[in-house]
Amino acid sequence: MKTYGVDVGWDAGGTPPFRRMVGCLRHPTLRTAAASIALIIASSAHGQQETLYVRTLAANCAQCHGTDGHAASGAALPSLAGMPRELLLAQLQAFKAGTRPSTIMQQLARGYSDPQLEQLAAWFAAQH
Ligand code: HEC
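Nothing here was measured: the structure is a model prediction, and the numbers come from that model. (Residues numbered from 1 in each chain as written. Predicted model: local features only at pLDDT ≥ 70, side-chain atom pairs only at ≥ 80, totals over all residues.)

S.K.: Would you mind showing me how to read the environment of Q116 here?
M.R.: Within the fold, Q116 resides in helix α5 (residues 114-125). A residue is classified by how many C-beta atoms lie within 10 Å of it, and Q116, with 15 of them, is partly exposed. Considering only alpha carbons, one finds Q116 and A58, 58 residues apart in sequence, at a separation of 9.9 Å. (Helix = DSSP H or I, 4+ residues; strand = E, 2+ residues; numbered from the N terminus. Buried ≥ 20, exposed ≤ 12 C-beta atoms within 10 Å, placed from the backbone.)

What follows is the structure, encoded as structure tokens:
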């Protein structure tokens, strides 16, 4: 069985592998260390999934703003890559609220939840 890319296959006795691993560590510090490692593995897998999710959201912007927000040189549309996160988010929220007049972005921004707009703003701000 595969979960988050980590093989968590149970042994014949039905003991989960992490349990087995932690079970053989009797020293409390080592136990904590093992638990932390398990947590790091789990959270980095979660991080990768989240990155993939935001990439997928951001791919919807590529047809106009370029791949990862890098507009083609000479393009009429602004590059989003490296724009400050707060500025991006403020623009997206203004489009969504209709307070910034626009041709297209108003319709588009309405299709995203506020947390998704925050993720998009953080994503494009982090592109170089
Ligand atoms: C169909 C083309 C199109 C797509 C797709 C698109 N945009 Fe835009 N975007 C525009 C246009 C055109 C403008 C200029 C404002 C307007 O007229 O809507 C703009 C402006 C912006 C601005 C303001 C930039 C500035 O310099 O103030 C931001 C931020 C932005 N878009 C983010 C996004 C994000 C994030 C996505 C993906 C969720 C996206 N756009 C998808 C066409 C598009």
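The rest of the description comes next.
S.K.: Where do I start with helix α3 (residues 85-97) in this structure?
M.R.: Residues spaced three or four apart along an α-helix point in a common direction, a consequence of the helix completing one turn every 3.6 residues. End to end, α3 covers 18 Å across 13 residues, agreeing with the expected 18 Å (1.5 Å per residue, within 8%). Buried within α3 are the following residues: L88, L89, L92, F95 and K96. What you see down the axis of α3 is that its buried residues fit within an arc of 125°, all on one side. Facing away from the buried surface of α3 by more than 90 degrees, the exposed residues are E86, L87 and A97. G98 occupies a position one or two residues after α3 and carries a positive phi of about 85°. (Expected span 1.5 Å × (residues − 1). Arc of directions from axis to C-beta.)

S.K.: Is there a simple way to explain the site of the ligand in this structure?
M.R.: Near the ligand you find 17 residues, and of these C61, C64, S102, T103 and M105 are the closest. Every element with two or more residues in the shell around the ligand is listed here: α2 (28-65), α3 and α4 (105-109). Here the residues of the shell around the ligand sort into eleven nonpolar, six polar and no charged. (Near = placed C-beta within 6 Å. Nonpolar A, V, L, I, M, F, W, Y, C, P; charged D, E, K, R; others polar.)

S.K.: So what exactly am I meant to see when it comes to the nonpolar core here?
M.R.: If you look at soluble globular proteins, the nonpolar side chains tend to sit buried side by side. Core analysis: the biggest nonpolar cluster contains ten residues, these being L80, L88, L89, L92, F95, A109, L120, A121, W123 and F124. Where this core is concerned, the elements lending two or more residues are α3 and α5. Beyond its immediate chain neighbours, meaning those up to four positions away, F95 contacts R100, S102, M105, Q106 and A109. (Core = buried A, V, L, I, M, F, W, Y, C linked by C-beta atoms within 7 Å. Contact = placed C-beta atoms within 7 Å.)

S.K.: Explanation requested: the packing of α3 against α5 in the structure shown.
M.R.: Helix-helix packing is described using two parameters, namely the angle between the two axes and the distance between the axes. Put simply, α3 and α5 touch, their axes get as near as 8 Å, and they point 140° apart. Crossing handedness for the pair α3 and α5: right-handed. Contact with α3, carried on its side by R85, L88, L89, L92, Q93 and K96, involves L117, E118, L120, A121, A122, F124 and A125 of α5 and no other residues of that element. Partitioning the contact of α3 with α5 into residue classes produces nine nonpolar, one polar and three charged. (Axes fitted to C-alpha atoms, helices over the stretch in contact; angles between N-to-C directions. Left-handed = near helix turned anticlockwise from the far one by under 90°.)

S.K.: Looking at this model, I keep getting lost on α5. Mind explaining?
M.R.: Over its twelve residues, α5 runs 16 Å from end to end, which matches the ideal 16 Å to within 8%, given 1.5 Å per residue. All buried positions along α5 are accounted for by L120, A121, W123 and F124. Along the axis of α5, the buried positions cluster into a sector of 165°, meaning they face one direction only. Exposed residues on α5 whose side chains face more than 90 degrees from its buried face are D114 and P115.

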